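# Overview (structure and organization)
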Amino acid sequence: MRSDEEKFFERQILVPDIGTLGQKILKNSSVLVIGLGGLGCPATLQLALSGVGKIGIMDFDSVELTNLHRQTLFTFADIGRLKTKVVSEALLARNPWVNIVEYSQMLSVDTDPDIFAEWDIVLDCTDTISSKYIINDLCLRLNKPFVIASVYRTSAQFVFFSPNGRPCYRCLFPNLQEGDLLSCNIGGVIGIQSTLAGTHQASLAVQYLLNPGQIDTDIVYYLEWNPPILFQTKMDINHSCEICGINKKLDLQLVIEKNEISVLQMKELTQSKRCLVIDVREEDEISENPIPFTISFPLSNLQSGQQLSFEGYQAIICICESGIRSKTALQYLGDNIEKYSLRGGRRLLVNTL
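Rules behind the numbers
Residues numbered from 1 in each chain as written. Predicted model: local features only at pLDDT ≥ 70, side-chain atom pairs only at ≥ 80, totals over all residues. Heavy atoms only, no water. Helix = DSSP H or I, 4+ residues; strand = E, 2+ residues; numbered from the N terminus. Buried < 20%, exposed > 50% of the residue type's maximum accessible area, 1.4 Å probe, protein only. Polar contact = N/O pair within 3.5 Å; in protein donor to acceptor, adjacent residues only side chain to side chain. Contact = heavy atoms within 4.5 Å. Pairing = 2+ DSSP bridges.

## Quick notes on unusual backbone geometry
Glycine aside, residues mostly have negative phi angles, and peptide bonds mostly take the trans form. With an omega of 10 degrees, the peptide bond between Arg166 and Pro167 qualifies as cis. On the secondary structure map, Pro167 appears in the loop between strand S6 (155–161) and helix H8 (169–172). Cis geometry marks the peptide bond from Asn226 to Pro227, where omega comes out at 0 degrees. Checked against the element boundaries, Pro227 lands in the loop between strand S7 (219–224) and strand S8 (229–234).

## A closer look at the side chain of Thr294
Looking at the element boundaries, Thr294 is found in the loop between helix H12 (283–288) and strand S11 (295–296). Residue Thr294 is classed as buried on the basis of its relative accessible area, which comes to 18%. Within the structure, the side chain of Thr294 is placed 2.8 Å from the backbone oxygen of Ile291, a separation counted as a polar contact. Setting aside chain neighbours within four positions, we find Thr294 in contact with Val277, Ile278, Asp279 and Ile319.

## What to know about the pairing of strand S3 (residues 99–103)
Pairing analysis gives five bridges linking strand S2 (residues 54–58) to S3, with the strands arranged parallel. When the bridges of S3 are listed, Ile57 appears paired with Glu102.

## A short note on the environment of Gln207
Tracing the backbone through its elements, the reader meets Gln207 in helix H10 (residues 191–210). When the C-alpha atoms of Gln207 and Arg141 are compared, they prove to be 23 Å apart, with 66 residues separating the residues in sequence.

## Examining the sheet that holds strand S10 (residues 275–279)
Sheet strands pair via backbone hydrogen bonds, and the direction of the pair is either parallel or antiparallel. Spatial strand order, S9-S13-S12-S10-S11: five strands in an open sheet with parallel pairing. Each end of this open sheet is capped by a strand with a single partner; those strands are strand S9 (260–261) and S11. The pairing of S10 with S11 spans two bridges and is classified as parallel. In the strand pairing of S11, Ile278 is matched with Ile295.

Pasting the structure below:
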């Protein structure tokens, strides 16, 4: 008599590209998913429902109301709970045979590289440039294949990268700064596109696990919403890339964000110096989730040329919702004073205090 697990995957096993052998391969495979937002939710769900035996989930954040329209594993009842806990419960409710490993932490330059070592493939479902560079560099250091995706408004793109690079994410985007691309907090995003992009990430991961040789490692896939188009372009190798090029560094250096500090470093700095702590979010965000010890001066004010007085202060610390806009704000503050951006923003601050 067949087990419940065999019956569960019965229809998938009938597909010639899968079969009994393919299902066993997936059962013995592992995927690490970093970021449990609009990309990570559909990606983890499809991995679990495909039969991937072990899934790692990494995110430091808690569920918020603004997540719900696109982050498909969360409900109103989950608001305030850690995303890793909610996703773990949701996946086990859909596939009780999957092994979930939770990492309720923020990815940063301080992340232990050994976390990456045990996984067959990594999915980058994050929404910051610094995170994508860190994942790129760690995966190449540890020879791990990875799939990166991003979504902006009605457009999405996703790429499968070889564990050896040639090309890598830095070949595609060698010198991006955090403020160069608008986040969904500012530019907006359609939930359908993030769901489709995350699903495509999971699909590429499953294809790789079943047959590593069938995946193109030099193609960027683009997904448009109106009109609905999926197209691809060839990605060029950057032979001078410091991570995967001909003269690559033997000891890969992870990206270190200039002037970025942790919550602990902020506490130490405010105790040793007179600091001006600025909330650069917009007024509606501040009124909904205020940060008591800050003054309000939105990034839009800085960008419009409004000035801020630093007289009497030794350092400035900028805070936003997730640590993206605060890094952009630094470039409008001049160079005549110490200035820092809080890594992870209010979200990490709330989860740390």
